[in-house]
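Coordinates in review
Here are the chains, one letter per residue:
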2 protein chains.
Amino acid sequence: MTARVEEMREALQRMGEKAVKASRALAVLAPAAKAACLNRMADELESARESIKKANSLDMDGGLKSGLTSAMLDRLRLDDARIDGMALGLREVAAQTDPVGRVISSVVRPNGLRIDKVTVPLGVIAIIYESRPNVTADAAGICIKAGNAVILRGGSEAFHSNQAIAEVLNRAAILSGLPDGAVQLLPWTDRAAVNLMLKMDRYIDLVIPRGGEGLIRAVMAESTIPVIKHYKGVCHLFVDRECDLDMAVKIVENAKCQRPSACNALETLLIDRRIAEWFIPPFLESMRRNHVELRGGYEFRKLVPEAKPVSEDDLHNEYLDYILSVRIVDDVDQAIDHINTYGSKHSDGIISSIPENVEKFFANVDSSTVYHNASTRFTDGGEFGMGAEIGISTDKLHARGPMGADELTSTKFIVRGEGQIRV
Amino acid sequence: MTARVEEMREALQRMGEKAVKASRALAVLAPAAKAACLNRMADELESARESIKKANSLDMDGGLKSGLTSAMLDRLRLDDARIDGMALGLREVAAQTDPVGRVISSVVRPNGLRIDKVTVPLGVIAIIYESRPNVTADAAGICIKAGNAVILRGGSEAFHSNQAIAEVLNRAAILSGLPDGAVQLLPWTDRAAVNLMLKMDRYIDLVIPRGGEGLIRAVMAESTIPVIKHYKGVCHLFVDRECDLDMAVKIVENAKCQRPSACNALETLLIDRRIAEWFIPPFLESMRRNHVELRGGYEFRKLVPEAKPVSEDDLHNEYLDYILSVRIVDDVDQAIDHINTYGSKHSDGIISSIPENVEKFFANVDSSTVYHNASTRFTDGGEFGMGAEIGISTDKLHARGPMGADELTSTKFIVRGEGQIRV
């Protein structure tokens, strides 16, 4: 065991050194060359489709044997359409504006020093994910766009697929003139290797864990590298005492039902007591049509006998399913208080015709995205016009909410003088 | 011991809850009210000067008994002038532009959604510091300016002074209408209490450790809260083969000697071989005049027999003293390579008349601040025109380089709709 750990540590150090070297080359790559590299990656993915599908069939066989559900197997499958999708994603990222070298501020100080703050790549980014193998290409593409080298650690069930994709991308980077190491995949799937990687703050500048609460907590506990969490979304809507009832029902239905498995889907609905009797009948009709299970407190269950009791745990829970917690509240203040207590600071909205309440909601709800009269489902890089998205940060540091390539950069102060010294 | 830890944990939880409550009130405080609160803090500090000096005399007595050096005792001392200085600092911060509520971007999407990204406070910030007691007021002032509650943990030798100052500031916040908890000081000075605090990611949004390498490594290893490091400055200057020799000597002298104990002071000088014979004589004269000990490799010692040998460790070292490592290099490429290998990504400069070399240096040196023809000593919030500074981040995430109140904010997306749902 110790020998194996030592071996992994050494291999990880070599990976780290390679990544840093590749990141230095990426950092000074001209925008056109970076776009060409991403397009090359897309070309190479298409050319390598047979070997990628072969690697994927190993994962599919393993998944069948280990008893993955048909939904999980479907997510794991790579067919021609999905490989085309990955290539298209890379070409779209290639076509976006380059996020590096943007001048954020520029001042000339009284002593004549000119100080420019410009965007630069972060360096090396590690991404730990559990999801579908196409994340390998999507995540690598955004990192490269922002001039970063990337070390990926995907789920064990997709290991062969991820490895095949990462190898193709890294080869394309080398063919584009970059040193070996722009895209690397951790060659082990055990937790010990991840834990070793999470101490490599000498080489890695940022870790992004994408997955369940357990994964994220484990990464936070082990990492000496800065982490940006992509945590759960316990999203709320509050139906205010005055609002367009028809709009309220439509927004609630969309937020809950359009894709319940998404982190920006609705989990808890708060209803002002004074509108409850008008709102609930059309709302119930909509929820019944969508087979949504309702869970509520005593007051709500008195109005809606079919509702089940809601527990304290439910109110903290990200159902990701056709289940909705409902609470009747006194007013906007109680709604804000509920959201700040039980929410996950992701996406929360108010449906209201009272401007003061909207402004109060915006000011006091401590979430990455707050909505007025719109579905929470819009919290998404594409919907926000950011282009491809690496995820949705639930942290407050560095990036909050949907994160695109812009959020994978740092800054540098460039100071131009003519002999200035400090007195 | 376990009972004591349990007791500390409970007390820390209460502190965390109070801090969150105060932060919510601070987050919605109007700019004028926040400025009034900071001015009130300044007033109360002045009114409480006798009790602050009394608390300080306890620390001074303790310091004398434990054998602090006279320089350390001097740093610990709070007299009327230093209390006036703290009050002035708070009034200056009060007068600065409010960093909260700034609209960073604003878009209207094709579906009519209007998305504004605005600055908001981070929430609760913990600051761990080892330095002089006036940091208590300075750090608290900047945090409050950005709408954050603060939990402070100062050095044990200044405990009574820090406690007196923190109590005055918190009382002033209460007198300004805020709930108890805007400014709190950890009431224990042992490591166990800090380690407990570093797991309180439920209450604390950011930890800033200010101190030596040991402190920072310990915080990184323990914290589950995001950390922004204020790490050492192993700063470099490179004297290029063509440059204004007189300017080069003056900048090197200033960077090394004007205040050697500062993190932005020069530690290693790199000289292009082709200019060495012209640069070294006036440079030596300047270093001798300032009693700077020179350490160099074989080639430099051949030219300067008085120089001592430089070790690999020296090249990584932040001397903070009248000592300078010197290395003769082949060209700008070798200088860049040296800085990226041995530096701490803080502040590094080139003295040169060759524009291509300057641009190459700017693009390739991976440091928070890069200089052309100016002293590294300018890396400072005040010198950069940011107003008061909480420190100089050596991290790449969230904030890099000098950090003022602007860098103690996060962002929030505010989305205004008219019934939009996602299709």
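Computed from a predicted model, the values in this text were never measured in an experiment. (Residues numbered from 1 in each chain as written. Chains lettered and ligands numbered in written order. Predicted model: local features only at pLDDT ≥ 70, side-chain atom pairs only at ≥ 80, totals over all residues. Heavy atoms only, no water.)

1. So, the interface of chain B and chain A
- Counting residues at the interface gives 70 residues for chain B, matched by 70 residues for chain A.
- Summed over both sides, the interface between chain B and chain A buries roughly 5900 Å², with carbon and sulfur atoms accounting for 52% of that surface.
- Of all residues in chain B, Leu397, Phe413 and Arg422 of chain B give up the largest surface area on contact with chain A, accounting jointly for 15% of the area buried on that side.
- At the boundary of chain B and chain A, one finds 12 salt bridges.
- Taking the shortest distance from any N to any O, the salt bridge between Asp380 of chain A and Arg422 of chain B comes out at 3.9 Å.
- For the pair chain B and chain A, the interface holds 39 residue pairs in polar contact (both at pLDDT 80 or more).
- Elements represented by at least two residues in the side of chain B that touches chain A include exactly strand S2 (114-121), helix H9 (213-222), helix H10 (245-257), helix H15 (355-364), strand S13 (369-374), strand S15 (401-403) and strand S16 (409-420) of chain B.
- Of the residues forming the side of chain B that touches chain A, the biggest block, 11 residues, is contributed by S16 of chain B. (Contact = heavy atoms within 4.5 Å. Buried area = accessible area lost by both parts, 1.4 Å probe. Salt bridge = Lys/Arg side-chain N within 4 Å of Asp/Glu carboxyl O. Polar contact = N/O pair within 3.5 Å; in protein donor to acceptor, adjacent residues only side chain to side chain. Helix = DSSP H or I, 4+ residues; strand = E, 2+ residues; numbered from the N terminus.)

2. As for empty space enclosed by the protein
- Evaluation of the coordinates by the stated rule reveals 5 cavities of 30 Å³ or more.
- Taken together, 21 residues line the largest cavity, and the ones lying closest to its centre are Pro226 and Val227 of chain A together with Ile225, Pro226 and Val227 of chain B.
- Considered class by class, the residues forming the lining of the largest cavity number 12 nonpolar, 5 polar and 4 charged. (1 Å grid on protein atoms, 1.4 Å probe; cavity = no way out; pocket = protein on both sides within 12 Å on 5 of 7 lines; lining within 4 Å. Points joined across faces, edges and corners; volume = space filled by probe spheres on them. Nonpolar A, V, L, I, M, F, W, Y, C, P; charged D, E, K, R; others polar.)

3. Overview of the side chain of Arg153 of chain B
Residue and element names in this part refer to chain B.
- Its location among the elements puts Arg153 in strand S4 (residues 149-153).
- Lacking a salt bridge, the buried Arg153 has Asp190 as its closest oppositely charged neighbour, with an N-O distance of 6.3 Å.
- A polar side-chain atom of Arg153 sits 2.5 Å from the main-chain carbonyl oxygen of Thr189.
- Beyond its immediate sequence surroundings of up to four residues, Arg153 is in contact with Ile127, Ile128, Tyr129, Leu185, Leu186, Trp188, Thr189, Asp190, Arg191 and Val194. (Buried < 20%, exposed > 50% of the residue type's maximum accessible area, 1.4 Å probe, protein only. Lys, Arg positive; Asp, Glu negative; His and termini not counted.)

4. Some words on the side chain of Asp380 of chain B
- Assignment of secondary structure puts Asp380 of chain B in the loop between S13 and strand S14 (391-393).
- Of the residues examined, Asp380 of chain B reaches a relative accessible area of 19% and is grouped as buried.
- There is a polar contact of 2.8 Å between the side chain of Asp380 of chain B and the backbone nitrogen of Gly382 of chain B.
- Here the side chain of Asp380 of chain B touches Glu383 of chain B through a polar contact of 3.0 Å, landing on its backbone nitrogen.
- If we ignore the near neighbours within four places in the chain, the residues touching Asp380 of chain B are Arg422 of chain A together with Glu389 and Pro402 of chain B.

5. Details of the packing of helix H6 (residues 134-145) of chain A against helix H7 (residues 159-175) of chain A
Residue and element names in this part refer to chain A.
- It is the contact of H6 with H7, at a shortest axis distance of 8 Å, that shows an interaxial angle of 30°. As the angle between them shows, H6 and H7 are arranged roughly parallel. For the pair H6 and H7, the crossing hand works out as right-handed. Only Asn162, Ile165, Ala166 and Leu169 of H7 make contact with H6, whose side of the interface consists of Thr136, Ala137 and Ala140.
- Per-class residue counts for the contact of H6 with H7 are 5 nonpolar, 2 polar and no charged. (Axes fitted to C-alpha atoms, helices over the stretch in contact; angles between N-to-C directions. Parallel < 35°, antiparallel > 145°, perpendicular 65-115°, else oblique. Left-handed = near helix turned anticlockwise from the far one by under 90°.)

6. Focus on the sheet that holds strand S6 (residues 206-210) of chain A
Residue and element names in this part refer to chain A.
- In space, the 4 strands of this open sheet follow the order S5-S4-S3-S6, with parallel pairing throughout. Two strands close off the open sheet at either side, each with one partner strand: strand S5 (183-185) and S6. On average, each strand axis in the sheet is inclined to that of its neighbour by 20°, with strand direction left out of account.
- In the sheet, strand S4 (residues 149-153) pairs with S5 via 3 bridges, with the strands oriented parallel. Bridge assignment links Val150 to a residue of S5, and that residue is Val183.
- Sheet contacts for helix H9 (residues 213-222): strand S3 (124-129) and S6; angle to S6, the most-contacted strand, approximately 160°. (Pairing = 2+ DSSP bridges.)

7. Quick word on H10 of chain B
Residues and elements named next belong to chain B.
- Between its first and last C-alpha, H10 extends 18 Å over 13 residues, near the 18 Å set by a 1.5 Å rise per residue.
- Residues of H10 that are buried: Met247, Ala248, Val249, Ile251, Val252, Asn254, Ala255, Lys256 and Cys257.
- Capping the start of H10 is the job of one residue whose side-chain oxygen sits 3.1 Å from the backbone nitrogen of Asp246: Asp244. (Expected span 1.5 Å × (residues − 1).)

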